[in-house]
Amino acid sequence: MTELKINYYGMIAECTACEEEFLTAAKLVSVQELDHLLKQKHPNLKKLSYKIAINHSFVTPDTLVQSDHEIALLPPFAGG
Amino acid sequence: MEVKKKKTVFVEGAIMPEFIANSIAKHQTKTSIGAHDIFLGQVRADEIANKTAQAITYSAHTEMAEAKFHEIREATFEKFELTCMHIYHSLGTVKAGEICLFVFVSAPHRKVVFDAIEFLVENIKKEVPIFGKEVFEDNTHVWKENT
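## Quick look at the overall build of chain B
Regarding its fold elements, chain B presents 3 helices and 8 strands. Tracing chain B from N to C terminus, the helices and strands come up as β-α-β-β-β-α-β-β-α-β-β. At 16 Å, chain B has a C-alpha radius of gyration in line with the 15 Å of a compact globule built from 147 residues. With the principal axes as the frame, chain B shows a C-alpha extent of 50 × 30 × 25 Å. Restricting to contacts in chain B with at least 6 residues of sequence separation, those with at least 24 account for 75%. Separation of charge centres in chain B, based on 18 positive and 21 negative side chains, amounts to 4 Å.

## So, the overall build of chain A
Counting its regular elements, chain A contains 2 helices and 7 strands. Across chain A, helices and strands are ordered from the amino to the carboxyl terminus as β-α-β-β-α-β-β-β-β. Relative to the globule expectation of 12 Å for 80 residues, the C-alpha radius of gyration of chain A, 12 Å, shows essentially globular dimensions. With respect to the principal axes defined by its C-alpha atoms, chain A has extents near 40 × 25 × 20 Å. With 80 residues in all, chain A has 48% of them scored as buried. Sequence separation of 24 or more characterises 51% of the internal contacts of chain A that already satisfy a separation of 6 or more.

## Section: the confidence of the model for chain B
Here chain B averages 95 in pLDDT, while 96% of its residues score no lower than 70. Interface scoring of the predicted complex returns ipTM 0.93; its pTM is 0.93.

Conventions adopted
- Residues numbered from 1 in each chain as written.
- Chains lettered and ligands numbered in written order.
- Predicted model: local features only at pLDDT ≥ 70, side-chain atom pairs only at ≥ 80, totals over all residues.
- Heavy atoms only, no water.
- Helix = DSSP H or I, 4+ residues; strand = E, 2+ residues; numbered from the N terminus.
- Rg over C-alpha atoms; globule rule 2.2 N^0.38 Å.
- Contact = heavy atoms within 4.5 Å.
- Lys, Arg positive; Asp, Glu negative; His and termini not counted.
- Charge placed at Lys NZ, Arg CZ, Asp CG, Glu CD.
- Buried < 20%, exposed > 50% of the residue type's maximum accessible area, 1.4 Å probe, protein only.
- pLDDT = per-residue confidence, 0-100.

Here it is in structure tokens:
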């Protein structure tokens, strides 16, 4: 079992109605599997565009996420 | 590599014209500089579905954004012969007509500052996790997306 902490930003936080939450996965999961779990929990995420950053970087979908990772769902950027 | 102190980019609310003027004034002692270039991002009153945006409320993954700004700064210094560089971006609410981004580069000669400012602004827009919602007069909003 791994407990993961997920951070949501901008329109993603609006969609999930929270800025952070914990998710318990039965096994080690990859970024892609995590994304799938999150879309099951929050079906509206399927309609949105976002990227998942692990420890501030964008990694390949098969990267395994660990409980000490900082996981962030980032919607499209709008700076400037 | 030389260790440089990380600078803070984010300011709460709009960037004031007086702040920009002061920043220019501070460079008058740096007499090796012969050219400055400044980019100012201003909040536009976008019209969407017959409603006019009154403001943009900015939020960010601040830690990642500061790290990205630092990375972009370093890459710009690496690429261009600049004397100095300053970047400020707003967080929170900035009304239409107010300034939300202030980028300031200086060098001995003009050519390099034109190229550097474009490189900087384009990278900031593309790489930094900043999010903005355009708020209308009836308090509804849409999320903005850089193109």
